[in-house]
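# Summary of the model geometry
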Amino acid sequence: MRNNFRRTHFTAAAVAVLAVVAGCSRADGGEQPVAATDKGPAAELRLGYFPNVTHAAALVGLDQNLFGKELGSTKLVPTKFNAGPEAVGALLGGSLDASFIGSGPAINAYAKSSGSAVRLIAGATSGGAQLVVKPAITKPEDLVGKTVVTPQLGNTQDVSLKKWLAEKNLTGKVKVTNLENAQTLDAFKKGDVDAAWLPEPWSSRLVLDAGAKVLLDEASLWPDGKFPTTVLIVRTQFLQEHPQTVKALLTGLVAAIDFSTKDEAAAKKVVNDQLLELTGKALKPAVIDRAFDNITITADPVAAQFPQLAKDQVTAAIAKEAPSVAGFADLGPLNEVLEKAGQPAVDAAGLDAK
């Protein structure tokens, strides 16, 4: 049965306030957080997520009450976001405890706080991002003078696009703009934009609903096609003060991933029902089928790729120097949960050491 849970959505004004708060916070000041001790289960857990197929594990966990079941008396407060930088502002501003988020904003959250404010505690999705274009565009050079869209400045797909354009010597020759995903679909249909680098299900929607074609699947740029699209991060102080609550969240996540991988048809229905409730529109069967074909739902954050992702921010001119990701990961709690579930541990790839 569907679990009704409270959702909030941050307006642009609210995010601006959060950004100001974050700018004045202890985390952004570069100071190390005061050593925290275990205070037992938290009274509440404020959890961020996005209405995207790449957040399938989050949507399943919320819909099926898999997080709530494990959290017990801890009140779960889910909060919907549309792009990573908004969630980063909420995390650094202290109004969010944990969030499913793209790898790029996750790195930014860690870098902005000098490595003190957040920790990477799990993966959620690998793959599921494509550069889709008008049919007349057949090669990278055809994008010269054209308009290409990403969801938000500095988000995961924005970094990926700008890095790719730089490698193709197209920086400055292509107009890159940012729109919310639903607006991108409408703009593409109207002919106002020529291409978009988008996460699922939006790349599939442009292909199947708007006549776009795939110029590049981001999976082709990574070893074995694996790259972290969605991960789970938590405020460091919350992790230190409420380790039992964090472990409960991770137990729910592993259960949601098991649900999704063991019964894909059921997972698709749950995700589509949630998208209908969150956005007012469900996906066509062909769209959600295609979207699921392009993602891997996994607790593995593919940690080995984070140093490269950090370097990509420099290539993309998002950062002047590659953010350090040393010490970013704390996968100990996740691996305890996986061991208890009889599943193999995930590799921190050295990200757990300063």
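Conventions adopted
- Residues numbered from 1 in each chain as written.
- Predicted model: local features only at pLDDT ≥ 70, side-chain atom pairs only at ≥ 80, totals over all residues.
- Heavy atoms only, no water.
- pLDDT = per-residue confidence, 0-100.
- Contact = heavy atoms within 4.5 Å.
- Helix = DSSP H or I, 4+ residues; strand = E, 2+ residues; numbered from the N terminus.
- Axes fitted to C-alpha atoms, helices over the stretch in contact; angles between N-to-C directions.
- Parallel < 35°, antiparallel > 145°, perpendicular 65-115°, else oblique.
- Left-handed = near helix turned anticlockwise from the far one by under 90°.
- Nonpolar A, V, L, I, M, F, W, Y, C, P; charged D, E, K, R; others polar.
- Buried < 20%, exposed > 50% of the residue type's maximum accessible area, 1.4 Å probe, protein only.
- Pairing = 2+ DSSP bridges.
- Core = buried A, V, L, I, M, F, W, Y, C linked by side-chain atoms within 4.5 Å.
- 1 Å grid on protein atoms, 1.4 Å probe; cavity = no way out; pocket = protein on both sides within 12 Å on 5 of 7 lines; lining within 4 Å.
- Points joined across faces, edges and corners; volume = space filled by probe spheres on them.

### A look at the confidence of the model for the chain
When pLDDT is averaged across the chain, the result is 89; 90% of the residues are at 70 or more. Throughout residues 1-35 the model reports pLDDT below 50, and contacts reaching past four residues in sequence, or to other chains, amount to 62 contacts.

### Some remarks on the environment of Pro228
Along the chain, Pro228 turns up in strand E10 (residues 228-235). Considering only alpha carbons, one finds Pro228 and Gly128, 100 residues apart in sequence, at a separation of 9.4 Å. Apart from the residues lying within four places of it in its own chain, the contact partners of Pro228 are Ser103, Thr125, Pro301, Val302, Gln305, Phe306 and Leu309.

### Some thoughts on the packing of helix H7 (residues 181-190) against helix H8 (residues 202-210)
For any two helices packed against each other, one specifies the crossing angle of their axes together with the interaxial distance. Taken N-terminus to C-terminus, the directions of H7 and H8 make an angle of 25°; their axes are 10 Å apart at the nearest point. Put simply, H7 runs roughly parallel to H8. Crossing hand, H7 versus H8: right-handed. Residues Asn181, Ala182, Thr184, Leu185, Phe188 and Lys189 of H7 form the contact with H8, whose participating residues are Trp202, Arg205, Leu206, Asp209 and Ala210. Split into classes, the residues belonging to the contact of H7 with H8 amount to 6 nonpolar, 2 polar and 3 charged.

### Quick look at the pairing of strand E4 (residues 118-127)
Most of E4 sits out of view: 10 of its 10 residues are buried. Note: E4 against E10, 7 bridges, orientation antiparallel. Among the inter-strand pairings, Thr125 is bridged to a residue of E10, identified as Thr230.

### Some points on the nonpolar core
By size, the foremost hydrophobic cluster in this structure holds 92 residues, and its most contacted members are Leu232 and Phe328. No other element matches the 8 residues that helix H10 (residues 243-262) contributes to this core. Apart from the residues within four sequence positions on either side, Phe328 is in contact with Ala106, Ile107, Tyr110, Val118, Arg119, Leu120, Ile233, Phe306 and Leu351. In this structure, Leu185, Ala196, Leu198 and Leu206 belong to the second largest nonpolar core, which totals 12 residues.

### Some remarks on the sheet that holds strand E7 (residues 175-178)
The strand order across the open sheet built from 5 strands is E7-E6-E8-E5-E9, with neighbouring strands paired in mixed fashion. Of all strands in the sheet, those bounded by a partner on one side alone are E7 and strand E9 (213-217). Direction aside, the axes of adjacent strands within the sheet are offset by 25° on average. Two strands pair when backbone bridges link them, and strand E5 (residues 129-133) and strand E8 (residues 195-199) are joined in this way by 5 bridges, in the antiparallel orientation.

### A closer look at H7
Here H7 has its buried residues at Asn181, Thr184, Leu185, Ala187 and Phe188. Among the residues trailing H7, Gly191 stands out with phi positive, at a value near 85°.

### Here's the deal with empty space enclosed by the protein
The rolling of a water-molecule-sized probe over the atoms marks out the regions of remaining empty space. Counted according to the given criterion, the structure contains 2 cavities of 30 Å³ or more. Here the largest cavity is characterised by a volume of approximately 120 Å³. Lining the largest cavity are 16 residues, and of these Phe50, Asn52, Asn155, Gln157 and Pro199 lie nearest its centre. At the level of elements, helix H6 (156-167) and E10 are the ones that each hand at least two residues to the lining of the largest cavity. A per-class count over the lining of the largest cavity returns 5 nonpolar, 11 polar and no charged. The computed volume of the second largest cavity comes to approximately 70 Å³.

### Structural notes on the environment of Ala329
If you trace the backbone, Ala329 turns up in the loop between helix H13 (306-315) and helix H14 (332-340). Placed 211 residues apart in sequence, Ala329 and Val118 show a C-alpha to C-alpha distance of 9.1 Å. Residue contacts for Ala329: discarding those within four places in its chain leaves Leu120, Leu351 and Asp352.

### Here we look at the sheet that holds E4
Strand order in the open sheet formed by 6 strands is E2-E1-E3-E10-E4-E11, and the pairing between neighbours is mixed. Strands with a single pairing partner mark the edges of an open sheet, and in this sheet they are strand E2 (75-80) and strand E11 (295-297). Strand-to-strand twist of the sheet, defined as the mean angle between neighbouring strand axes without regard to direction, takes the value 25°. Sheet strands touched by helix H5 (residues 103-112): strand E3 (98-101), E4 and E10. Its angle to E10, the strand with the most contacts, is close to 30°.

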